[in-house]
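Here's the letter readout for the chains.
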Amino acid sequence: MPENTGRDLLHRYEGNPILTLNDIPYRCNTVFNGTPVKLNGEYLILVRVEGQQGYSFFSLARSRDGFHMEVDPEPCVLPAQVEPWRVWEEHGIEDPRLTLIDGKFYILYTAVGRYGHRIALASTEDFRTYRRIAMISGPGNKDGVLFPQKINGLYARLDRPIGNGVGSVWISYSPDLVNWGKSEFVFGPRARYWDSHRIGASAPPILTKFGWLEIYHGVKMTSAGPIYRIGAVMLDKDNPARVLGRCLPPLLSPREDYERIGDIGNVVFACGAIVEDDGQVKVYYGAADTSICVATAPIDDIIVSCFSS
Ligand code: BMA
């Protein structure tokens, strides 16, 4: 019997959820979908908070061990109040993803406005001031993640244009992070599988000796609504539009009450991961759009999952 029968490859932290409404020092509705970085030994997690008004914004959580969090007293990024950004963010800002490039932290996030979802780019150097840079996609695109280094001389990102209703992962390139093109399809939903309905990039790609490891989310539509799960795919180092391998079973499925029950039940949705020096990966994920959790696995196990049949 294979060792993991009946269990998920990612191991849930016993203290999950690590962040809930009760940890937020101001009145709000929920906290979920956080993106982590490790800076001078401290974990910083930019989290999505949904206010009681119904739209989302970001707050910063800090941790010494990656599990016990403290949230700053005030939100750090609110939907823009001034043009040209206001119109694109009037319904909120969602699902941030942080990538460190040359000493600067870039945040791709979903701007939600009257014309739909767009991918927006902001940056910070100190997590005190944040600078909006540009809207970097048209409407109908989200789940943007930046690669942490240039590929063949260009910045690269994965994203999820909705196309003709099918949500697939694409790649685009840019000389300056603002102007994007050379767009190509990377991978799409798989009929009959747990990721048959829709997929999207989740964590910023992680460079391994086998290529770019992308932790993504996959959705299966059921008669009771969607189920969101976490999976992994390996992309070629020099041409990440080329898929080298993709997990068959997901790495994590909603099973615990805190993943099953919430504002949107049956959701595990990662926005980032930390690879520790000992090879353990901490995957940070939103559970049921209501809390933030963490689950871990050795990076080698995640890599192997991309190539197992
Ligand atoms: C996706 C995004 C996520 C959310 C998920 C489940 O489309 O909007 O922010 O966690 O749906 O509701």
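Residues numbered from 1 in each chain as written. Predicted model: local features only at pLDDT ≥ 70, side-chain atom pairs only at ≥ 80, totals over all residues. Heavy atoms only, no water.

Caption draft 1: How the structure looks around the side chain of Ser291. Its place among the elements puts Ser291 in strand E21 (residues 291-298). Aside from chain neighbours lying at most four places away, what touches Ser291 is Pro17, Leu19, Thr20, Val31, Phe32, Tyr258, Tyr285 and Gly286. (Helix = DSSP H or I, 4+ residues; strand = E, 2+ residues; numbered from the N terminus. Contact = heavy atoms within 4.5 Å.)

Caption draft 2: Spatial organisation of the pattern of salt bridges. Tallied over the full model, the rule gives 17 salt bridges. Ionic pairing is found between Arg160 and Asp143, a salt bridge with its closest N-O pair at 3.9 Å. On the criterion of sequence distance, the pair formed by Arg160 in strand E11 (residues 155-161) and Asp143 in strand E10 (residues 141-146) is long-range, its members being 17 residues apart. In terms of burial, Arg160 and Asp143 fall into one category: buried. The partner of Arg157 in a salt bridge is Asp159, and the shortest N-O contact between them spans 2.9 Å. Exposure remark for Asp159: the relative accessible area of 2% places this residue in the buried category. When salt bridges with common partners are traced through the structure, they connect Asp8, Arg12, Arg255 and Glu259 into a single cluster. (Salt bridge = Lys/Arg side-chain N within 4 Å of Asp/Glu carboxyl O. Buried < 20%, exposed > 50% of the residue type's maximum accessible area, 1.4 Å probe, protein only.)

Caption draft 3: Main features of the nonpolar core. Core analysis: the biggest nonpolar cluster contains 38 residues, and Leu19, Val49, Tyr109, Phe127 and Tyr284 have the highest contact counts within it. Secondary structure elements with two or more residues in this core: strand E2 (30-39), strand E3 (42-50), strand E4 (56-63), strand E6 (92-101), strand E7 (104-113), strand E8 (116-124), strand E9 (130-135) and E21. Tallying contributions element by element places E3 first for this core, with six residues. Other than its neighbours up to four places away in sequence, Phe127 contacts Val37, Leu39, Leu44, Leu60, Leu98 and Phe105. In this structure, Met234, Leu252, Ala295 and Ala297 belong to the second largest nonpolar core, which totals 25 residues. (Core = buried A, V, L, I, M, F, W, Y, C linked by side-chain atoms within 4.5 Å.)

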